[in-house]
Amino acid sequence: MKIAFFSTQSYDKSFFEDHNRDFDFAIDFFEVPLTEQTVNLAAGAQAVCVFVNDRVNAVVLEKLAAQGVAIVALRCAGFNNVDLAAAARHSLPVVRVPAYSPHAVAEHAVAMMLTLNRKTHKAYNRIREQNFSLAGLLGFDLFGKTVAVVGTGNIGQVFCRIMLGFGCRVLAYDVAEQDALKQAGVIYMPLDALLPQADVLSLHCPLNEHTKYLINDKTLARMKPGAMLINTSRGGLIDTRSVIQALKSGHLGALGVDVYEQEESLFFRDLSDHIVTDDMIMRLMSFPNVLITAHQGFFTQEALTQIAQVTLGNLKAFTEGKPLTNAVRPNK
Ligand SMILES: NC(=O)c1ccc[n+]([C@@H]2O[C@H](COP(=O)([O-])OP(=O)(O)OC[C@H]3O[C@@H](n4cnc5c(N)ncnc54)[C@H](O)[C@@H]3O)[C@@H](O)[C@H]2O)c1
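Rules of the game
Residues numbered from 1 in each chain as written. Predicted model: local features only at pLDDT ≥ 70, side-chain atom pairs only at ≥ 80, totals over all residues. Heavy atoms only, no water. Domains from an automatic or database assignment. Contact = heavy atoms within 4.5 Å. Salt bridge = Lys/Arg side-chain N within 4 Å of Asp/Glu carboxyl O. Polar contact = N/O pair within 3.5 Å; in protein donor to acceptor, adjacent residues only side chain to side chain. Axes fitted to C-alpha atoms, helices over the stretch in contact; angles between N-to-C directions. Helix = DSSP H or I, 4+ residues; strand = E, 2+ residues; numbered from the N terminus. Parallel < 35°, antiparallel > 145°, perpendicular 65-115°, else oblique. Left-handed = near helix turned anticlockwise from the far one by under 90°. Nonpolar A, V, L, I, M, F, W, Y, C, P; charged D, E, K, R; others polar. Buried < 20%, exposed > 50% of the residue type's maximum accessible area, 1.4 Å probe, protein only. Right-handed = clockwise from strand over helix to strand, strands pointing away. UniProt positions renumbered as here; feature names shortened; annotations may be inferred.

*Asks:* Requested: an account of the domain arrangement of the chain, with residues and values cited.
*Replies:* For an interface, size is often stated in terms of accessible area lost upon the parts coming together. Along its sequence, the chain is organised into domain 1 (2-100 + 300-328) and domain 2 (102-292). Between domain 1 and domain 2, the residue contacts involve 13 residues of the former and 8 residues of the latter. Put simply, domain 1 and domain 2 have 1 salt bridge between them. Close ionic contact of Glu264 with Arg55 constitutes a salt bridge, the shortest N to O distance being 2.8 Å. Taken together, domain 1 and domain 2 are joined by 4 residue pairs in polar contact (both at pLDDT 80 or more).

The following block contains the structure:
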């Protein structure tokens, strides 16, 4: 089987080439993302392998199917960038990596929270300039604070357990509650009840029609003044305009985001000698209490290993006509 691999970064190539020794697929690595303009690069391939910001919409899927592509393999967990109804219309199965190291993303959320709280990013720069003052670096004990989680799936539940380990009171909202988490001490409640109590709110639910702009003017107003918001899930969970207003007014105390709604045109590339025309991210970057990372939650050795193994395993199952256990269903 030939795989057209889009949005290739150097680390993708090295991990996939390494693990492909056990599978022996022919892989064409393309640095460009999959879009309506680049879809023809997949001609002659039976599979495409894509990541979070590749555009797998109805037009692209129609062209892929017409070119003989028979399967779409996501090398990520989220699938909000795929038109699943269109894929089904073209009988194109969509497979993903449902649970690669949930620890990678959960631990990154914790890293963002600790950085924003204890301002280690500022201390690092300060010390390098021989500025040993502590002014402006004051944080708070996480012990005893209330941390709220939206979405207690693979990543959210790991995050909850880490927070319980810190001695936090952990509240959660999910459409499906986990008994094991309740037994561990997590208290489930409706979103509306959880928002005013949270000192820190961390988002771990998928982006879909129910969760788009989950954080908006109304939900932000319900949040405790000075609370911290962390989003390592998908940018579209947050209405960035509302968050900027809440930061300007001081109602939102701190924001950590590993994802951004318009990240497609920014993340995973070096734009240091370009003029960035996205005014919203520039405004976000200007706040001293905002930390932005460029979708690096997944970026650990363990996660990249599992991503390569599971993605190639998904494609092997397809070539052998075996059940696709990691297929995304349109109604999921
Ligand atoms: N930053 C990164 O590098 C990175 C890496 C992997 C995943 N992610 C994101 O993290 C998200 C969570 O991943 P996961 O593996 O834990 O997914 P998961 O499917 O295991 O868990 C998602 C949870 O959200 C819940 N949920 C669904 N709809 C909801 C709603 N309307 N309100 C509240 N909860 C709802 C589900 O019931 C489930 O428990 C993914 O969707 C993806 O967008 C980010």
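Don't stop here, the text continues.
*Asks:* Let's hear about the packing of helix 10 (residues 240-249) against helix 11 (residues 279-286): which residues, and what values?
*Replies:* With their axes 11 Å apart at the nearest point, helix 10 and helix 11 run at an angle of 30 degrees to one another. As the angle between them shows, helix 10 and helix 11 are arranged roughly parallel. Crossing of helix 10 over helix 11 shows left-handed handedness. Of helix 11, the residues touching helix 10 (which contributes Thr240, Arg241, Val243, Ile244, Leu247 and Lys248) are Met280, Arg283 and Leu284. In terms of residue class, the contact of helix 10 with helix 11 is made up of 5 nonpolar, 1 polar and 3 charged.

*Asks:* Tell me about the pairing of strand 9 (residues 200-203), residues and numbers included.
*Replies:* Residue alternation in strand 9 divides its side chains into two sets, Val200 and Ser202 and Leu201 and Leu203, and both sets are buried. Once the chain exits strand 9 it traverses helix 9 (residues 217-222) before rejoining the sheet at strand 10 (residues 227-231), and the crossover so formed is right-handed.

*Asks:* With reference to specific residues and values, describe the UniProt feature "domain: D-isomer specific 2-hydroxyacid dehydrogenase catalytic" (unreviewed entry) in the chain.
*Replies:* As annotated by UniProt and renumbered to match this structure, "domain: D-isomer specific 2-hydroxyacid dehydrogenase catalytic" (unreviewed entry) occupies residues 4-328. Segment residues 4-328 splits into 36% helix and 14% strand. End C-alpha atoms: 20 Å apart.

*Asks:* An account of the UniProt feature "domain: D-isomer specific 2-hydroxyacid dehydrogenase NAD-binding" (unreviewed entry) in the chain is requested, with residue identities and associated values reported.
*Replies:* The UniProt entry lists residues 110-297 under the feature "domain: D-isomer specific 2-hydroxyacid dehydrogenase NAD-binding" (unreviewed entry), expressed in the numbering used here. Taken end to end, residues 110-297 has its terminal C-alpha atoms 10 Å apart, with 34% of it in helix and 16% in strand.

*Asks:* Which residues make up the environment of Asn231, and what are the values?
*Replies:* Structurally, Asn231 can be placed in strand 10. The class of Asn231 is buried, set by a relative accessible area of 0%. Note: C-alpha distance between Asn231 and Asp258 (27 residues apart in sequence) is 6.3 Å. Not counting residues within four places of it along the chain, the set of residues in contact with Asn231 comprises Leu203, Leu237, Ile238, Gly256, Val257, Asp258 and Val259. Of note is the side chain of Asn231, whose polar atom sits 3.0 Å from the backbone oxygen of Arg234.

*Asks:* Any chance you could break down the pattern of salt bridges for me, citing the residues and the numbers?
*Replies:* On inspection of all chains with the given rule, the structure shows 13 salt bridges. Between Arg21 and Asp18 there is a salt bridge, and its shortest N-O distance comes to 2.6 Å. Residue Asp18 is classed as partly exposed on the basis of its relative accessible area, which comes to 40%. In this structure, Lys212 and Glu261 form a salt bridge, with 3.1 Å as the shortest nitrogen-oxygen distance. Linking Lys212 in the loop between strand 9 and helix 9 with Glu261 in the loop between strand 11 (252-257) and helix 11, this pair joins segments that are 49 residues apart in sequence.

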